[in-house]
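Chain and residue survey
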Amino acid sequence: MRKTSEIIKKRLEDAGVRYWAGDNIANFIMPEEHEKLIDELTEKFEAVLDGLVIDRHTDPNSMDTGRRLAKMYINELMAGRYDPAPPATAFPNEPDNVTNEKYEGMLVVRSELTSVCSHHHQPVKGVAYIGIIAADKLIGLSKYTRIAQWCARRGTLQEELAMDIAREIMKA
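Throughout this document, residue positions are counted from 1 along each chain, in the order its sequence is written. The predicted origin of the model limits local features to residues at a pLDDT of at least 70 and limits the giving and counting of side-chain atom pairs to 80 or more, whereas totals for whole chains, interfaces and linings rest on all residues. By convention in this description, side-chain values take in all heavy atoms of the structure and omit both hydrogens and water.

The next thing to look at is the overall build of the protein. If you tally the helices and strands in the protein, you get six helices and five strands. Each helix and strand of the protein, placed in order from N terminus to C terminus, yields the pattern α-α-α-α-β-β-β-β-α-β-α. With the radius of gyration taken over C-alpha atoms, the globule rule is written as 2.2 Å times the number of residues to the power 0.38. Against the compact-globule benchmark of 16 Å for 172 residues, the protein has a radius of gyration of 20 Å, which places it well outside the compact range. A principal-axis box enclosing the C-alpha atoms of the protein has dimensions of 65 × 40 × 30 Å. Here the protein holds 172 residues, and the buried ones make up 34% of them. Every residue pair with non-hydrogen atoms within 4.5 Å of one another is taken to be in contact. When contacts within the protein are restricted to residue pairs at least 6 apart in sequence, long-range pairs at least 24 apart make up 64% of them. Only the protein chains shown count as cover for residues, and the accessible areas themselves come from Shrake-Rupley with a 1.4 Å probe. On the protein, roughly 11200 Å² of surface is accessible, and the fraction owed to carbon and sulfur atoms is 55%. Secondary structure elements are taken from DSSP: a helix is a run of H or I of four residues or more, a strand is a run of E of two residues or more, and numbering for both begins at the N terminus. Remark: exposure states derive from per-residue accessible area (1.4 Å probe, protein chains only) relative to the maximum for the residue type, with buried under 20%, exposed over 50%, and partly exposed in between.

Take a look at the structure:
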């Protein structure tokens, strides 16, 4: 029986799609495969713990750690690879009914990010400041943070992350 990761990899390769650490591959993963990936990774993380000579059978702090690591990678640290982009609806920048003013100038959004270094697979925490110059259309301010966090939740480098965030905001 082929591993779930191999099935997904074949799907990506057949479609000619790159699957580097910083790429989103959500469109190539079936809903039921999410949990199967966690199961597959659990075994691999257990092998890493065994290789580190950690008693995961009787040490109460290490029991089920392989599964916790697998879930953390798929559902948290690397979720930006496996989850689709957050929805971001643009709305017209029109004068409001009270002041008859519209957004002008620059808006700044601060977003706390957790990412994973694609070289070392260590969590990296940081802050992104996103400057928005008001145009004819805007997306809600909270959406900028969601997009930035979604981009960060995959393997990346800081320089790549800044470009990924900018590209995804422009798409939105």
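Right, let's get into the packing of aromatic side chains. Aromatic pairing here means that ring centres of Phe, Tyr or Trp (its six-membered ring) are within 6.5 Å. Orientation follows from the plane angle: under 30 degrees is stacked, over 60 is edge-to-face, and everything else is tilted. One pass over the structure, following the stated rule, counts one aromatic pair. Seen in terms of ring centroids, phenylalanine 45 and tyrosine 73 are 5.4 Å apart; in terms of plane orientation they differ by 35°. Their pairing is tilted. Separated by 28 residues along the polypeptide, phenylalanine 45 in helix 2 (residues 31-51) and tyrosine 73 in helix 3 (residues 65-77) bring together distant segments of the chain. By the burial criterion, phenylalanine 45 is buried, and tyrosine 73 matches it.

Attention now moves to the nonpolar core. Within this scheme, the nonpolar core is defined by two criteria: the residues are buried Ala, Val, Leu, Ile, Met, Phe, Trp, Tyr or Cys, and they are joined through side-chain atoms within 4.5 Å. Within the largest apolar cluster, 17 residues are counted, with the highest numbers of intra-cluster contacts made by Leu113, Ile130, Tyr144 and Ile165. At the level of secondary structure, the elements contributing two or more residues to this core comprise strand 2 (106-117), strand 3 (123-133), strand 4 (137-139), helix 5 (141-152) and helix 6 (158-171). Residue contributions to this core peak at six residues, all from helix 5. Discounting chain neighbours no more than four positions away, the residues touching tyrosine 144 are Val109, Ile130, Ile132, Ile139 and Ile169. If you look at the next biggest cluster of nonpolar residues, it comprises 15 residues, including Ile25, Ala70, Tyr73 and Val116.

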